[in-house]
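Given next are the chains, with one letter for each unit.
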Amino acid sequence: MASVLEIADLHKSFGGIAAVNGVSFTVEEGEIVGIIGPNGSGKSTLFNCVLGQLQPTSGEVRIDGRVTTGMRPCDLNALGVSRTFQLLQVFPELTVRDNLIAAGQEHCGTMFSRLFGPRDAGLGPVADRMIEFFRLSHVAGERAGRLSYGQQKLLDAAMAFMGGPRLVLLDEPAGGVNLTMLGDLRERLRAINRERRSTFVVIEHNMDFVMSLCTRVLVLAEGRIIAQGSPDAVRNDPKVIEAYLGP
Amino acid sequence: MASAGLVRGTLAAVTVVVLAAGPEFLRPSQLYLVSLWAVTAIAAMGLNLTLGYAGQISMAQGAFVGIGAYTVALLMQAGLGFFPAFLAAGVLCFAVGWLLGYPALRVQHHYLAFVTLAFTTLVYLLLRNEQWLTNGVYGISGIQRPTALGFAFGTAARFYYFCLGIMALFLGAMWWMIRSPWGRAFMVLRENPVRALSLGVDTRRYTLLAFAIGSAVGGFAGGLFAPLVQFLEPNSFSLGYSLSLLLMVIVGGAGYLFGPLVGAAVAILLPDFLRFTEGYYLLLYAAAVMVLMAFCPQGLIGLSERWQANRRARLAAGGER
Ligand SMILES: Nc1ncnc2c1ncn2[C@@H]1O[C@H](COP(=O)(O)OP(=O)(O)OP(=O)(O)O)[C@@H](O)[C@H]1O
Ligand SMILES: [Mg+2]
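The rules behind each value
- Residues numbered from 1 in each chain as written.
- Chains lettered and ligands numbered in written order.
- Predicted model: local features only at pLDDT ≥ 70, side-chain atom pairs only at ≥ 80, totals over all residues.
- Heavy atoms only, no water.
- Helix = DSSP H or I, 4+ residues; strand = E, 2+ residues; numbered from the N terminus.
- Rg over C-alpha atoms; globule rule 2.2 N^0.38 Å.
- Buried < 20%, exposed > 50% of the residue type's maximum accessible area, 1.4 Å probe, protein only.
- Contact = heavy atoms within 4.5 Å.
- Areas by Shrake-Rupley, 256 points an atom, 1.4 Å probe, with all protein chains shown as cover.
- Lys, Arg positive; Asp, Glu negative; His and termini not counted.
- Charge placed at Lys NZ, Arg CZ, Asp CG, Glu CD.
- Salt bridge = Lys/Arg side-chain N within 4 Å of Asp/Glu carboxyl O.
- Buried area = accessible area lost by both parts, 1.4 Å probe.
- Nonpolar A, V, L, I, M, F, W, Y, C, P; charged D, E, K, R; others polar.
- Pairing = 2+ DSSP bridges.
- Axes fitted to C-alpha atoms, helices over the stretch in contact; angles between N-to-C directions.
- Donors = N, O, S within 2.8 Å, 3.2 Å for Na, K, Ca; no water.

A. Quick look at the overall build of chain B. Counting its secondary structure elements, chain B contains 16 helices and 4 strands. For 321 residues, the compact-globule formula gives about 20 Å, and the C-alpha radius of gyration of chain B, at 20 Å, lands near that figure. Its C-alpha atoms give chain B principal-axis dimensions of about 70 × 55 × 40 Å. Going through the 321 residues of chain B one by one, you find that 50% of them count as buried. Relative to all contacts within chain B whose residues are 6 or more apart in sequence, the contacts with residues 24 or more apart total 77%. If you sum the accessible surface of chain B, you get close to 15,000 Å²; carbon and sulfur atoms cover 69% of it. Of note, chain B has its 18 positive side-chain charges centred 8 Å away from the centre of its 9 negative side-chain charges.

Structure follows, in structure tokens:
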């Protein structure tokens, strides 16, 4: 069977700067892969190229063996690929519950049923379970823009799961989330991974979070993968220490 | 304590009763004015979808009212009944609106404003210069009022009910759509198109739909405008008209279901009540709009919501008092 995600020799340059400079790796079903690397090493750009927000300069992306380079984000999402962004991206004027329904509704029914069918596209119970799962029950009817930063961050992550994705790419999910909530978030991600066999790729600067969550870690520096392996192996790799601390 | 829902329900009921009894106490000129309010409110509702809910600025709504009005007038002149002509006006404006949506896929905000502004000018010039079709500046007169199932809506009072009925129909349809997943898709398009796209919302399709449906509603309003005024000329649909519709949506409260009704009332009904101010009405209106926009960009409905929220907060803080 094909890997869930295959990236082959991906390049992306902005003007003269090569933000992603020949990255190749594969992710198998059920894995939780971490991506770490200094600021500006090309992690977010890599995600943007995989998920259609940016066109790679060259290289290929395959999802379940199917070439998806250049596809629109909404079509990729229909294939079961979902993501979060580094900066918070919720719909501030909508309620928490509507944020979640909006995040999944395009996966339910047809254009016709979405106009004439049920108001919640049949997603009400799923949204309510997600709200409970991410401990947002007390703010479910609140407009998302009025939540605390940490709560919005949890909502942001929860939204990525509404469509029942097979592959989820999370860009710094732990940024700005307090320690208790961080533990919660890790447990939620693990549970979703276990129960649904969802595959994750997680960019994160919080080392404890990455090392305790991921089964495998890739290290990016200046647009290239400089090391990969189990969390322990990566932590002690001199190349990694050098990339972070400088020569 | 009277809840906000009760206040709103009472207000709505009173409005409905007053409107229903209108012909009992309104002069014919006032009946005409209220009918014009209903027609204009429909046009503003269409723009409210495009601008208020889907977040796509358009300075072309007046042009669509013009296209709809001329379509109905010309088709009725050619012998078609009102209702098929009315339908044709909506369908034509849906198609043209869909096409006008394409620039919105490339540009946003003031650039999009200019594209739609140019379109309005183009439509105005076509109406004025293509004499063979539109009779140019001489306009089209003698437009008949509709007859439905042998019932003629010829008199001011009957046509008044006709306009209000159609407005209620459009208000209901808009309410339905806004609460459906389509409505949610339009709103996320406004709130954050990049995230929406990554969640599977085909932002391209919904942008085009927002333009097409908003324009079609404008076209229907035009289809009603023609038999109301019974005389069309290009000047009614110049850029100024599109701008005033835009102002109505914003003053009433963009992105609120009842915003366009309030905005159109302020622009159309209020001048009649404030006639004693004579030439100063426009001055007062302009000044009031400036103050409103500076302090409450959410418009009049937004302002009333803010008051209610403040009152709730005060009540919560003050306990039993
Ligand atoms: N749209 C863009 N236009 C021009 N340059 C860009 C663009 N996006 C990213 N870059 C550049 O590409 C490089 C990689 O940026 P990227 O955001 O991928 O880094 P990152 O690894 O995610 O960093 P961080 O940890 O700070 O989020 C940086 O030098 C950045 O300035
Ligand atoms: Mg980044």
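B. Focus on the pattern of salt bridges. For the coordinates displayed, the defined rule picks out 17 salt bridges over all chains. The shortest N-O distance in the salt bridge between A:Asp156 and B:Arg195 comes to 2.8 Å. In this pair, A:Asp156 is assigned in helix 6 (residues 149-161) and B:Arg195 in helix 10 (residues 193-198), connecting two distinct chains. For the pair shown, A:Asp156 and B:Arg195 are each scored as buried. Linking A:Arg190 and A:Glu187 is a salt bridge whose minimum nitrogen-to-oxygen distance equals 3.2 Å. Here A:Arg190 pairs with A:Glu187, and both are found in helix 7 (residues 179-196), just 3 residues apart, close to one helical turn.

C. Main features of the interface of chain A and chain B. Contact with chain A, which involves 33 residues of that partner, is made by 26 residues of chain B. Summing both partners gives a buried area of about 2,600 Å² for chain A against chain B, and 58% of it is carried by carbon and sulfur. On the chain A side of the interface with chain B, the three residues burying the most area are A:Phe91, A:Met111 and A:Arg119, jointly 27% of the side's total. Scanning the region where chain A abuts chain B turns up 3 salt bridges. Contributions of two or more residues to the side of chain A that touches chain B are made by helix 2 (73-78), helix 3 (96-104), helix 4 (111-116) and helix 6 of chain A. Taken together, the residues of the side of chain A that touches chain B break down into 17 nonpolar, 7 polar and 9 charged.

D. Region of interest: unusual backbone geometry. The residue A:Glu222 is not glycine, and still its phi comes out positive at about 50°. Here A:Glu222 shows up in the loop between strand 9 (216-221) and strand 10 (224-229).

E. Representation of the sheet that holds strand 3 (residues 32-36) of chain A in the model. Residues and elements named next belong to chain A. Taken in spatial order, the 6 strands line up as 6-7-8-3-9-10 in an open sheet, and their pairing is mixed. The outermost strands of the open sheet, each flanked by one partner alone, are strand 6 (81-83) and strand 10. On average, each strand axis in the sheet is inclined to that of its neighbour by 20°, with strand direction left out of account. Judged from the 5 bridges that link them, strand 7 (residues 167-171) and strand 8 (residues 199-203) form a sheet pairing that is parallel. Across the sheet, residue Leu167 finds its bridge partner in strand 8, namely Thr199. Helix 1 (residues 43-50) rests against strand 3, strand 6, strand 7, strand 8 and strand 9 of the sheet, and its axis sits at about 150° to strand 7. Each of strand 3, strand 9 and strand 10 is contacted by helix 10 (residues 238-245), which is oriented at about 135° to strand 10, the strand it contacts most.

F. Inspection of the coordination of the magnesium ion (ligand 2) at higher detail. Residues and elements named next belong to chain A. Note on the magnesium ion (ligand 2): its protein donors are Ser44 (OG) and Gln86 (OE1). The metal-donor distances range over 2.0 to 2.1 Å. In this pair, Ser44 sits in helix 1 while Gln86 sits in the loop between strand 6 and helix 3, placing the two residues 42 residues apart along the sequence. Of the residues examined, Gln86 reaches a relative accessible area of 35% and is grouped as partly exposed.

G. Quick peek at the pairing of strand 3 of chain A. Residues and elements named next belong to chain A. Within strand 3, 5 of the 5 residues are buried, which leaves the element mostly enclosed by the surrounding structure. Burial of the side chains of strand 3 extends over both faces: Ile32, Gly34 and Ile36 are buried on one face and Val33 and Ile35 on the other. With 4 bridges joining them, strand 3 and strand 8 adopt parallel strand pairing. If you follow Val33 over to strand 8, its bridge partner there is Val201. One ladder, built from 4 bridges, connects strand 3 with strand 9; its direction is parallel. Counted as the bridge partner of Val33 is Arg216 from strand 9.

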